[in-house]
Amino acid sequence: MQYTNKNFSVLAISYGHEANASIMVNGKLVASVAEERFTKNKCQMNYPKNSINYCLKFSGIKANDLNIIAIVSKNDLMEQNLVNRIDSFSIKDFLSEQYDYWRPIIYKKKKIDYLSVFKHKINLKQHFDFREYLRLRKKNKKIKDHIKIFEKMRINTVIKHLRIKDKKKIVHVEHEKGHQYYGLYAAPEIFRKKSLILTNEGMGDKSNLSVSIVQNGILKEIYYSKKCKIGSLYKFITLLLGMKPSQHEFKVMGLAPYSGVYEMKKAYNAAFKNLFVAKGLGIFLKNKPKDFFFHFKKKLRHCRFDGIAAALQLSVEEVLVKWIKNCINKTGIKNIIIVGGVAQNIKAAIPISEIKDVKKFYINPSSGDTTLSVGGCYYISSLENNLKLKKLENIYLGPGYSNEEVFYSIKNFLKKNKNFSVSKFTNNKKIVDLLSKGKILGRFDGRMEMGQRALGNRSILADPRSSETIKVINKKIKMRDFWMPFTPTLLSKYQNKYLINKKKLYCPFMTLAFKTTKLFQKIAPATLHPADLTTRPQILEKKNNPKYFDLINDFGKLTGVYCLLNTSLNIHGFPLACSPNDAIFTLKNSSLDGLIMNDYLVLRKNEKN
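The structure reproduced in this document is the subject of the present report. (Residues numbered from 1 in each chain as written. Predicted model: local features only at pLDDT ≥ 70, side-chain atom pairs only at ≥ 80, totals over all residues. Heavy atoms only, no water.)

### Some words on the packing of aromatic side chains
- By the definition in use, this model includes 27 aromatic pairs.
- Ring geometry for Phe236 against Phe292: centres 6.4 Å apart, planes inclined by 80 degrees, an arrangement best described as edge-to-face. Of this pair, Phe236 sits in helix H10 (residues 230–240) while Phe292 sits in the loop between strand S10 (282–285) and helix H13 (294–299), and the two are 56 residues apart along the sequence. For the pair formed by Phe236 and Phe292, the shared burial category is buried.
- With centroids separated by 6.1 Å and ring planes inclined at 20 degrees, the aromatic side chains of Tyr494 and Tyr498 adopt a geometry described as stacked. Each member of the pair Tyr494 and Tyr498 is classed as buried.
- One residue, Arg447, lies across the ring of Phe58, its end atom 4.0 Å from the ring centre.
- One Lys or Arg, Arg458, reaches over the ring of Phe444 and ends 3.9 Å from the middle of that ring. (Phe/Tyr/Trp six-rings, centres within 6.5 Å; stacked < 30°, edge-to-face > 60°. Helix = DSSP H or I, 4+ residues; strand = E, 2+ residues; numbered from the N terminus. Buried < 20%, exposed > 50% of the residue type's maximum accessible area, 1.4 Å probe, protein only. Lys NZ or Arg CZ within 6 Å of the ring centre and 35° of its normal.)

Here is the structure:
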């Protein structure tokens, strides 16, 4: 794809966890990808050099022909970036952060330097002059000065990498605007007429909660606050339960439905009851604890893990519902979009969707920080006069590979791995036959998905009819926690038969959870949460992914079930497969029965028939 320098082009960059880059040309998002897909380091922080290179190469735009380069988020925590905290810390490191850094500061009023505690984690391979930053940091004691130094370093990194001649084209975009404008343009067009965009997250530049009104495509922020701590609470309870904060919150959410009422009430009454209050357009702590780790560790010391997860989830759902009701009452607007890290709590989507006054409700794909660069592109482009912005129509915005490139990787793999075979296929007959017989296949086809969810192009697919499939995938392939459910891709034509969706909410990207019908519980048990029988579907329309649609449709013709179990094409702990070699790595290092790669089918030889 090639563009001329007459086009208005924006490259946006996000440094935080799940560092990412996106490029937009004439109001259309052309490419978007997270740095982890190239480095293979899950939740990669720091400067997304590889992502930037991909976006420029795919668009064919030279760096100096870009109109604007936007760095989204101004006040990133410098020290956390310097140690690559989110992607490099073990649970032991996160605990050390509490015991060796925060506890002395909060409870003993000591002054401690973060980098002295984690000097062993400092990444010397930063994309900016790390030693110069340390020198200036030592000279300037104030945090505000550190932020300014860090801003300058980041700009210099861009200039050096892209050899930018005019540094005035490099601008900063507020973190919140990244979320808000992603929310505005990634949602269906009806939300641009009149809606509320609500952000809720752990931390932004100026807030962790905001309320904006959208009227005829114009977004106006009417409220923001730093006092909502839902994202922070979930993070610290995740750590208290022995899991990684900022990565494994979804595991806590998945654990919550397994608790009995007794254990849930015990934890709820001990720590979470009346913790939050929704007042006006904000969410506040009723009695603010000194910290969110040691306080809750003490409060919950007699409570069981599943009860803690359930009580946390209940308290979050309660306050979110009250908050949204308040926002509707204050503004009279009933169409709701939620963006930011807290929006990724898909279990909370059920009680929110059941609010009587909510008319339309939408959560964008990957609404956390992994799409900040997308929002940055939309925000900057929205400032350009007479430029019509095109809504986000699909999220297949990462690298794709030709049949020739795919076959080259397969051929090299087969030279050293004789127990696999390859064949070319022209229809889905053999594939659906294998799936219907219980075989588990990876699918690598087309451009890679943006964000956290596999939506068919980088997926592991299986027959949804047997709950035994869950055990097989968990044990032989995903190697993940036994309590976590899998999800379906189902054809839109059958959603009314499979899902309880009275408000006909639009869910093409696995961002909402639904209660399920008796029929679906019977025919697709492998795609349900075993404890509460809910599901988080990708409701697929043919226009969004024709080849994948046809595969599921052919499976339905054979079995009568028009859905497939769909989980991400990766081994637990690794990012989603990006390249053909990544897909083959997953096949080789797991017990996958085979791999669909564009128009090729790779099978273990004992799986040929």
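### Some points on helix H19 (residues 468–478)
- Among all positions in H19, only Thr469, Ile470, Ile473, Asn474, Ile477 and Lys478 are buried. Around the axis of H19, the buried residues are gathered within 130 degrees of arc, so they sit on the same side. Exposed and oriented more than 90 degrees from the buried face of H19 are Lys471 and Lys475.
- Taken together, the buried residues of H19 touch strand S15 (458–462) and strand S21 (563–568).
- Of the residues trailing H19, Met479 is marked for its positive phi of about 55 degrees. (Arc of directions from axis to C-beta. Contact = heavy atoms within 4.5 Å.)

### Notes on the sheet that holds strand S20 (residues 538–540)
- Across the sheet, which stays open at both edges, the eight strands sit in the order S13-S23-S22-S14-S15-S21-S16-S20 with mixed pairing between neighbours. Among the strands making up the open sheet, the edge pair consists of strand S13 (420–424) and S20. For this sheet, the mean angle separating the axes of adjacent strands, direction not counted, is 25 degrees.
- Where S15 meets S21, four bridges bridge the pair, whose relative direction is antiparallel. Residue pairing for S21: Ile460 is matched across the bridge by Thr567.
- Helix H18 (residues 429–436) contacts strand S14 (441–444), S15, S21, strand S22 (594–597) and strand S23 (600–604) of the sheet and is inclined by roughly 35 degrees relative to S23.
- Contacting S13, S14, S22 and S23, helix H23 (residues 580–588) crosses the sheet at an angle of about 165 degrees to S22. (Pairing = 2+ DSSP bridges. Axes fitted to C-alpha atoms, helices over the stretch in contact; angles between N-to-C directions.)

### Comments concerning the sheet that holds strand S7 (residues 209–215)
- The strand order across the open sheet formed by five strands is S8-S7-S6-S11-S12, and the pairing between neighbours is mixed. Of all the strands in the sheet, just strand S8 (218–225) and strand S12 (360–363) have a single pairing partner and so form its edges. Adjacent strand axes in the sheet meet at a mean angle of 20 degrees, parallel and antiparallel pairs treated alike.
- Looking at chain direction, strand S6 (residues 194–200) and S7 are connected through seven bridges and run antiparallel. Bridge pairing in S7 links Leu196 to Ile213.
- Against the sheet, helix H9 (residues 175–186) engages S6, S7, S8, strand S11 (335–339) and S12, with an angle of about 140 degrees to S6.
- Most of the contacts of helix H14 (residues 305–331) go to S6, to which it runs at about 145 degrees, and overall it touches S6, S7, S8 and S11.

### So, the nonpolar core
- Among the nonpolar cores identified, the biggest contains 112 residues, and Phe272, Trp323, Ile324 and Phe361 are the most heavily contacted of them.
- If one sorts the elements of this core by residue count, H14 sits on top with 13 residues.
- Counting 38 residues, the second-largest nonpolar core is a separate cluster that includes Ala186, Tyr362, Tyr378 and Ile380. (Core = buried A, V, L, I, M, F, W, Y, C linked by side-chain atoms within 4.5 Å.)

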